[in-house]
Amino acid sequence: MRIAFFGDVMGKAGRQAVQEYLPGLIESLSLDFVAINAENAAGGFGITERTANEMFDSGADALTLGNHAWDQSEALSYIEREPRLLRPANYPPGTAPGRGAGVFPAKNGAMVFVMNVMGRLFMDPLDDPFVSVEKELSAAPLGEVCDAALVDFHGEATSEKNAMGYFCDGRASLVVGTHTHIPTADHRVLPQGTAYITDLGMTGDYDSIIGMDKEEPMRRFTTRMRSGRFSPAEGEGTLCGVVIETDDRTGLSKSIHPIRIGGILHQAEPAL
């Protein structure tokens, strides 16, 4: 099975990159399942039903969120109606609407488990992400409940993301890091068969400061003064993520390749 996961969709530029490139990739790479971290899809802050539907209509099978999950108030009710939209699973019980994990049908009829969880180092003080992942993976074992398992670890610290990769090794098909908006070059298959990358990077305009128009962040860095709000950069976006191929027998990964298409980043479209 071939599965792609794309990193934090940032504003209009990110959504346009998804709309422009994803349908063709699904066909050219014979993708069976597509997941996208979409927590910055609506103007750089959160998600709305309209922006989510743009990505579903382009071929996404599941969307994950992160620390900006509730920046748009309508997400609080929309997530209750849309099971394909996942927020971090390690919110304390009873504090957040929606769900943090689910099992979804792939285009080939297989079942894919997807989980969203948020780190705690330099992030919001949620419950222990490792406990949440252990609980969910134990409830949806590969080869029994699902044919593939994907974990989106939304975190700041590379060390915490590394730890989560090895924590899931042999029990998940893919562990991806999201949140920092910069793609890392450490994609690999871990010793027990879990594909891993520390950060997928951002789907958005890279002529920016992590997706935002450069002027206001630069002013704050150089003067420590605010003069306005952050605004997403609106140049040509790069679709950024990875594609894996799994073993149909075990659900573990045989390979992982980066995807970077459009915009100003170096082009890396896998020839699978």
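Residue indices follow the written sequence of each chain, beginning from 1 at its first position. For a predicted model such as this one, the threshold for reporting local features is a pLDDT of at least 70, and the threshold for listing and counting side-chain atom pairs is 80 or more; totals across whole chains, interfaces and linings nevertheless cover every residue. Think of the side-chain values as coming from all heavy atoms in the structure, minus any hydrogens and water.

**Student:** For unusual backbone geometry, give the residues involved together with the corresponding values.
**Tutor:** Notably, F122 is not glycine yet its phi reads approximately 65°, a positive angle. Look at H179: it is not a glycine, yet its phi comes out positive at around 110°. The helix and strand labels rest on DSSP assignments: H or I over at least four residues marks a helix, E over at least two residues marks a strand, and numbering proceeds from the N terminus. Looking at where H179 falls in the secondary structure, it is placed in the loop between β8 (174-178) and β9 (188-189). For H179, a relative accessible area of 15% corresponds to the buried category. Remark: exposure states derive from per-residue accessible area (1.4 Å probe, protein chains only) relative to the maximum for the residue type, with buried under 20%, exposed over 50%, and partly exposed in between.

**Student:** Explain the nonpolar core to me, and be specific about the residues and the numbers.
**Tutor:** The definition of a nonpolar core used throughout is a set of buried Ala, Val, Leu, Ile, Met, Phe, Trp, Tyr and Cys residues joined through side-chain atoms within 4.5 Å. Counting 31 residues, the largest nonpolar core has F6, L25, L31, I36, I47, M55 and L63 as its most contacted members. In terms of residues, this core owes the most to one element, helix α1 (residues 11-28), which gives six residues. Contacts are assigned to residue pairs with any non-hydrogen atoms lying within 4.5 Å of each other. In contact with L63, other than residues within four places in its own chain, are I36, A38, I47, A52, M55, F56, R84, L85 and L86. Core analysis: the second largest hydrophobic core is formed by 22 residues, A35, A62, V114 and I256 among them.

**Student:** Before we move on, can you summarise α1 with the specific residues and values?
**Tutor:** In a helix, the anticipated span is given by 1.5 Å times the number of residues less one. Taking 1.5 Å as the rise per residue, α1 with 18 residues should run 26 Å; its terminal C-alpha atoms sit 26 Å apart, in good agreement. Across the chain, bend at a residue is computed as the angle between axes fitted to the seven residues ending at that point and the seven starting from it. Approximately 35° is the largest bend angle found in α1, and it occurs at Y21, with the proline P23 only one to four residues beyond. All of the buried residues in α1 are G11, A13, G14, R15, A17, V18, Y21, L22, L25 and I26. Where α1 is buried, its residues touch β1 (2-6), β2 (33-37), α2 (49-58), β11 (239-246) and β12 (253-261). Of the residues one or two after α1, S30 is the one with positive phi, at around 55°.

**Student:** Quick rundown of the packing of helix α4 (residues 129-139) against helix α5 (residues 158-168)? Include the residues and the values.
**Tutor:** Running from amino to carboxyl end, α4 crosses α5 at an angle of 25°, the nearest separation of the two axes being 11 Å. The angle between α4 and α5 places the two elements in the roughly parallel class. Note that α4 runs across α5; the crossing there is right-handed. Here α4 contributes P129, F130, V133, E134 and L137 to the contact with α5, which in turn contributes E160, A163, M164, F167 and C168. Axis lines are fitted to C-alpha atoms, over the contacting stretch for helices. Their N-to-C directions set the angle, which ranges from 0 to 180 degrees. We call two directions roughly parallel when the angle between them is under 35 degrees, roughly antiparallel when it is over 145, roughly perpendicular when it lies between 65 and 115, and oblique otherwise. Two helices that cross are described as forming a left-handed crossing if the nearer one is turned anticlockwise from the farther one by less than a right angle, and a right-handed crossing if clockwise.

**Student:** Let's hear about the pattern of salt bridges: which residues, and what values?
**Tutor:** Note on pairing: side chains with opposite charge can pair once their charged atoms come close. Salt bridges are counted wherever a side-chain nitrogen of Lys or Arg sits within 4 Å of a carboxyl oxygen of Asp or Glu. Taken as a whole, this structure holds 13 salt bridges when the rule is applied. Linking E54 and R50 is a salt bridge whose minimum nitrogen-to-oxygen distance equals 2.8 Å. Of this pair, E54 and R50 are both found in helix α2, four residues apart, which corresponds to roughly one turn of the helix. In this structure, D61 and K107 form a salt bridge, with 2.6 Å as the shortest nitrogen-oxygen distance. Placement of the pair is D61 in the loop between α2 and β3 (62-64) and K107 in the loop between β5 (101-105) and β6 (111-118), with a sequence separation of 46 residues. Taking relative accessible area as the criterion, D61 reaches 15% and is therefore assigned buried. Each of the salt bridges in this network shares a partner with another, and the network as a whole consists of E215, E216, R219 and R220.

Any functional reading would require information that these geometric values do not contain.
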